[in-house]
Protein chains: 2
Amino acid sequence: MTIEFDAPSRDKLALEEGTSFTPKFDANGLITAVVTDADDNALLMVAHMNAEALMLTLDTGIAHYFSRSRGKIWKKGETSGNLQTVVDVLTDCDQDALLIKVRVAGHDATCHTGRRSCFYRSVRITDGVPRLISIDEHRHFVPSEVYKA
Amino acid sequence: MTIEFDAPSRDKLALEEGTSFTPKFDANGLITAVVTDADDNALLMVAHMNAEALMLTLDTGIAHYFSRSRGKIWKKGETSGNLQTVVDVLTDCDQDALLIKVRVAGHDATCHTGRRSCFYRSVRITDGVPRLISIDEHRHFVPSEVYKA
């Protein structure tokens with residue numbers, strides 16, 4: 001199936017209250033995708049999609065992103081087995097961000113470090129200096145065993 | 001208090017596992033901030049921060065963003081009363097995104113449309129055409145009464 005996206009309306013009311021899905025890609029052709037666990041709303045990762053990745057995600061029901069570092073489509077979990085089955089896709093008021101609600105297969109881990117979520121560190125300020133403390137050291141897999149050169 | 005942020009390390013291990021908080025701002029000096037309700041993890045909005053907004057957020061405990069449309073610091077809720085008290089700030093593995101966990105004052109609404117969350121529409125595909133359906137029509141306030149010209 002080919003899914004195409006129309007250009008965003010210039011009418012703010014149409015964008016915010018209409019039924020047309022017109023994702024607003026940025027100057028690099030990307031839109032921010034916030035990925036949460038469909039069951040408990042935990043934030044798993046923040047990634048980016050281009051139109052092709054979004055089309056593949058909607059068409060296959062498996063989350064695809066655009067890897068900015070590798071410059072290509074990225075079927076999340078293809079190497080690790082931690083594929084993301086899409087439960088719902090939502091957009092925000094001005095349609096420049098997406099929420100992808102997923103269930104994660106494999107090790108139930110999303111971060112390449114082996115943790116469930118990429119957000120495993122919290123900021124603490126001590127004497128004006130911001131520091132990170134880990135809030136999750138549990139590794140669901142050993143990265144060196146999963147990502148082989 | 002002046003909080004300063006060092007430049008990101010080129011050492012991937014230091015970035016991912018270290019205790020230095022070195023947020024990676026993009027070419028426009030911005031970092032993506034995902035904002036959730038600290039109590040139930042609901043995604044409320046996606047916004048952006050520059051270094052000053054992040055510093056103000058960490059220093060005051062009230063969420064500040066950078067408004068790309070207005071080109072200035074934006075103390076969220078200053079007009080509507082829906083200020084966000086920050087409960088936690090987290091960063092992801094490569095430190096190019098933030099998770100801001102908040103409690104919302106006022107109407108307990110984050111979206112300027114009056115809804116609790118900016119993510120109030122879900123994408124549905126019918127015959128290859130993506131459409132939006134509303135999943136939340138409850139308005140916590142009347143925008144025209146709150147945002148006066």
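Residue indices begin from 1 for each chain and proceed along its sequence in written order. In the order they appear in the text, chains get letters beginning with A and ligands get numbers beginning with 1. Since the coordinates come from a predicted model, pLDDT governs what is reported: local features require at least 70, and pairs of side-chain atoms require 80 or more to be given and counted, while whole-chain, interface and lining totals use all residues. Calculated side-chain values reflect all of the structure's heavy atoms, with hydrogen atoms and water omitted.

Chain A is annotated in an unreviewed UniProt entry as Phosphoribosyl-AMP cyclohydrolase of Rhizobium setariae. According to UniProt, the comment filed for chain A under the heading Subcellular location (unreviewed entry) is "Cytoplasm". UniProt annotates chain A under Function (unreviewed entry) with the comment "Catalyzes the hydrolysis of the adenine ring of phosphoribosyl-AMP." UniProt positions are given in the numbering used here, feature names are shortened, and annotations may be inferred rather than shown by experiment.

Before going further, it helps to spend a moment on helix α2 (residues 51-60) of chain B. Burial classes: relative accessible area under 20% of the type maximum marks a residue as buried, over 50% as exposed, and values in between as partly exposed (1.4 Å probe, protein chains only). Helix and strand definitions follow DSSP, with helices as H or I runs of at least four residues and strands as E runs of at least two, each counted in order from the N terminus. Of the positions making up α2(B), those classed as buried are B:Ala53, B:Leu54, B:Met55, B:Thr57 and B:Leu58. Contacts are assigned to residue pairs with any non-hydrogen atoms lying within 4.5 Å of each other. Contacts made by the buried residues of α2(B) are with β7 (121-126) of chain A together with β2 (43-49), β3 (64-67), β4 (72-75), β5 (84-91) and β6 (97-104) of chain B. A positive backbone phi angle near 75° is found at B:Gly61, which sits one or two residues after α2(B).

Here we come to the sheet that holds strand β1 (residues 31-37) of chain A. Strands pair, by our definition, only if DSSP identifies at least two bridges between them. Taken in spatial order, the six strands line up as β2(A)-β1(A)-β6(A)-β5(A)-β7(B)-β8(B) in an open sheet, and their pairing is mixed. Every interior strand has two partners, whereas the edge strands, β2 (43-49) of chain A together with β8 (129-134) of chain B, have only one. Strand-to-strand twist across the sheet, computed as the mean angle between neighbouring axes with direction ignored, equals 35°. Here strand β7 (residues 121-126) of chain B runs beside β8(B); their pairing, made up of six bridges, is antiparallel. When the bridges of β8(B) are listed, B:Thr126 appears paired with B:Val129. Axes here refer to lines fitted to C-alpha atoms; in helices the fit is confined to the stretch in contact. Angles between the N-to-C directions go from 0 to 180 degrees. Together, β2, β5 (84-91) and β6 (97-104) of chain A together with β7 of chain B form the strand contacts of helix α2 (residues 51-60) of chain A, whose direction differs from that of β2(A) by roughly 125°.

Attention shifts here to the relation of the copies chain B and chain A. The least-squares superposition of copies is restricted to C-alpha atoms, and to residues with a pLDDT of at least 70 in both copies. Superposing chain B onto chain A takes a rotation of 180° plus a shift of 0.0 Å along the axis, which leaves an RMSD of 0.0 Å. In short, the pair behaves as if placed about a two-fold rotation axis. Identified as the residue of chain B closest to the rotation axis by C-alpha distance is B:Asn41, at 2.8 Å. Both copies contact each other with a shared surface, as 100% of the interface residues of chain B are interface residues in chain A too.

Turning to the interface of chain B and chain A, a few remarks are in order. The partner chain A presents 52 residues to the 52 residues of chain B that form the contact. Here's the idea: put two parts together, see how much 1.4 Å probe accessible area each one loses, and the total over both is what we call buried area. Buried surface at the junction of chain B and chain A, summed over both partners, amounts to about 4000 Å²; 56% is from carbon and sulfur atoms. It is B:Phe119, B:Arg121 and B:Leu132 that lose the most area in chain B upon contact with chain A, and together they represent 15% of the buried surface on that side. Within this document, salt bridges are pairs made up of a side-chain nitrogen of Lys or Arg and a carboxyl oxygen of Asp or Glu, the two lying within 4 Å of each other. One can count eight salt bridges joining chain B with chain A. Taking the shortest distance from any N to any O, the salt bridge between B:Arg139 and A:Glu17 comes out at 3.3 Å. Any N or O atom pair separated by 3.5 Å or less is treated as a polar contact, with the protein-specific requirement of one donor-capable and one acceptor-capable atom, and with residues adjacent in sequence counted only for side-chain atom pairs. Taken together, the connections running from chain B to chain A amount to 32 residue pairs in polar contact (both at pLDDT 80 or more). Those elements giving two or more residues to the side of chain B that touches chain A turn out to be α1 (12-17), β1 (31-37), β2, β5, β6, β7 and β8 of chain B. One ladder, built from two bridges, connects β5(A) with β7(B); its direction is antiparallel.

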